[in-house]
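Below are the chains, spelled out letter by letter.
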Amino acid sequence: MALLRKLAIAGVALAVVGGAGFWLMTQPDRLVAATLAALGPGDAARGEQVFWAAGCASCHAAPGATGEDRLRLVGGERFATAFGTFVAPNISQHERDGIGGWSAQDLANAMLRGVSPEGAHYYPAFPYTSYARMRIEDVGDLHAFMQTLPAVEGSAGANEIGFPFNVRRGIGLWKRLYLNPSPAVALDNPSPEVARGQYLVEGPGHCGECHTPRDAFGGLDTSRWLAGAASMEGRGTIDNITSGQGGLGDWSEDDIVVLLESGFTPDYDSVGGKMASVVRNMAELPASDREAIAAYLKATPPHPDAY
């Protein structure tokens, strides 16, 4: 009996220590004050360009929205994945249903750390693993622009996620593996144009979130960066957009620029599905940004194990 009691006490002690360790390892990691100090007041005109580069309307406008309705960020787009169905929330300026009460600091912690104003982890269906590479000044500008957008009433609805993925605290461990603000690929002495393209593609544009394969835990396999992937929603595949064969090897930079502005490929086909929405966003950017994206994509190394 004494031995059983000792074993029971030891078991409880291990459980307490393990629980405490899990709690510490999974706690949300907010931006430090020194980083947040760089936010500044924000510039709405610059923020509009960040808004289109980041693709905010593609997920957060009502499904099928066109024209000015793309700025009514009521949410509702559904993403059915192997981990559950995620619903893009209302991020309009509505105080109750949207993010009208958020400060620039709140937006920065959400985009760069995946942490809500209440201190909860966001699911990585929100592409903060890419947004983490953004300059905080751009987030400040984005916040200034979003404050000019309409407040739209209405909840988009809740995510539909079962156990164990509905335990948000566990995302803290996932972040330790996959949340990395470093560049996805190392480029040797890139030109200013290529460096700008890398920032747009790897950061706000979050192109790798669809075009890069994922592992069993849903993290990006950056060793095959932009080499194509299975659709997270289980229907079809996403194109390889590296510079090699099977990707954009036969495309010129001008071909890529034309696609980003018009949606037309070199063989006079046109993109559809979610890529059509991406093109609508890219068409809002300055021509120099589309050219920078093209230069970066042609500079990315091909991968022999493309999807």
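Notes on the structure follow.

**Observations regarding the overall build of the chain**
Inference 1: For the chain, the helix and strand inventory stands at 13 helices and four strands.
Inference 2: In summary, the chain has a C-alpha radius of gyration of 21 Å against a globular reference of 19 Å for 307 residues, a match within 12%.
Inference 3: Dimensions along the principal axes, computed over C-alpha positions, put the chain at roughly 80 × 50 × 40 Å.
Inference 4: Counting over 307 residues, the chain shows a buried share of 44%.
Inference 5: Here the chain has roughly 15,700 Å² of accessible surface; of this, 58% comes from carbon and sulfur atoms.
Inference 6: Each charge class in the chain can be summarised by its mean position, and for the 23 positive and 34 negative side chains these summaries are 12 Å apart.

**Quick look at the side chain of Asp289**
Inference 1: Within the secondary structure, Asp289 is located in helix 13 (residues 287–299).
Inference 2: You can call Asp289 buried: its relative accessible area is 8%.
Inference 3: A polar contact is formed between the side chain of Asp289 and the side chain of Arg196, at a distance of 3.0 Å.
Inference 4: Setting aside residues no more than four positions away along its own chain, Asp289 makes contact with Arg196 and Leu200.

**Things to note about the pattern of salt bridges**
Inference 1: By the definition in use, this model includes eleven salt bridges.
Inference 2: Its salt-bridge partner being Asp97, residue Arg96 comes within 3.0 Å of it at the nearest N-O pair.
Inference 3: Judged by its relative accessible area of 59%, Arg96 is exposed.
Inference 4: Take Asp97: its relative accessible area is 19%, and that puts it in the buried class.
Inference 5: Sharing partners across several salt bridges, the network here consists of Asp43, Arg46 and Asp141.

**Some words on the environment of Ser182**
Inference 1: Turning to its location among the elements, Ser182 is positioned in the loop between helix 8 (171–178) and helix 9 (192–202).
Inference 2: When the C-alpha positions of Ser182 and Ala65 are compared, they lie 34 Å apart, and in sequence the two are 117 residues distant.

**Describing helix 8**
Inference 1: Here helix 8 has its buried residues at Ile171, Gly172, Trp174, Lys175 and Tyr178. The buried residues of helix 8 occupy an angular sector of 155° when projected down its axis, which confines them to one face. Along helix 8, exposed side chains directed more than 90 degrees from the buried face belong to Arg176 and Leu177.

**Some remarks on the packing of aromatic side chains**
Inference 1: Using the criterion set out here, one finds eight aromatic pairs in the structure.
Inference 2: Look at Trp174 and Tyr178: their rings are 4.9 Å apart centre to centre, the planes differ by 45°, and that puts the pair in the tilted class. Of the two residues, Trp174 and Tyr178 both sit in helix 8, four residues apart, roughly one turn of that helix. When sorted by exposure, Trp174 lands in the same class as Tyr178, which is buried.
Inference 3: Connected via pairs of aromatic rings, a cluster forms that spans Tyr122, Phe126, Tyr128 and Tyr131.
Inference 4: A cation over a ring is seen here: Arg135 above Tyr199, with NZ or CZ 4.1 Å from the ring centre.
Inference 5: Just above the ring of Tyr128 sits the side chain of Lys175; from NZ or CZ to the centre is 5.1 Å.

Reading the values: the criteria
Counting restarts for each chain: residues are numbered from 1 in the order of the written sequence. Residue-level local features of this predicted model are given only where pLDDT is at least 70; pairs of side-chain atoms are given and counted only at 80 or more, and the full residue set underlies all totals for whole chains, interfaces and linings. As a rule here, side-chain values cover all heavy atoms of the structure and leave hydrogens and water aside. A helix here means a DSSP run of H or I that spans at least four residues, while a strand means a run of E at least two residues long, and both kinds are numbered starting from the N terminus. In this setup the radius of gyration rests on C-alpha atoms only. A globule is expected at 2.2 Å times the number of residues raised to 0.38. The classification of residues rests on relative accessible area computed with a 1.4 Å probe and restricted to protein chains. Under 20% of the type maximum is buried, over 50% is exposed, and intermediate values are partly exposed. Reported accessibility uses the Shrake-Rupley method at a 1.4 Å probe radius. Residues are deemed covered only where the shown protein chains occlude them. Counted as positive: Lys and Arg. Counted as negative: Asp and Glu. His and the chain ends are not counted at all. Charged side chains are reduced to one point each, which is NZ for Lys, CZ for Arg, CG for Asp and CD for Glu. Polar contacts here mean pairs of N or O atoms no more than 3.5 Å apart (in protein, one a potential hydrogen donor and the other a potential acceptor; neighbouring residues in sequence count only if both atoms are side-chain atoms). Contact between two residues is taken to exist if any of their heavy atoms lie within 4.5 Å; hydrogens are not considered. A pairing counts as a salt bridge when a side-chain nitrogen of Lys or Arg comes within 4 Å of a carboxyl oxygen of Asp or Glu. Throughout, the arc means that of the directions going from the helix axis to the C-beta atoms. Note on aromatic pairs: the rings of Phe, Tyr and Trp (six-membered ring only in Trp) are paired at centre separations within 6.5 Å, and the planes decide the class, stacked below 30 degrees, edge-to-face beyond 60, tilted for the rest. Sitting over a ring, as applied to charges here, requires NZ of Lys or CZ of Arg to be within 6 Å of the ring centre and within 35 degrees of the ring normal.

Note that all results are geometric; they support no functional claim without further evidence.
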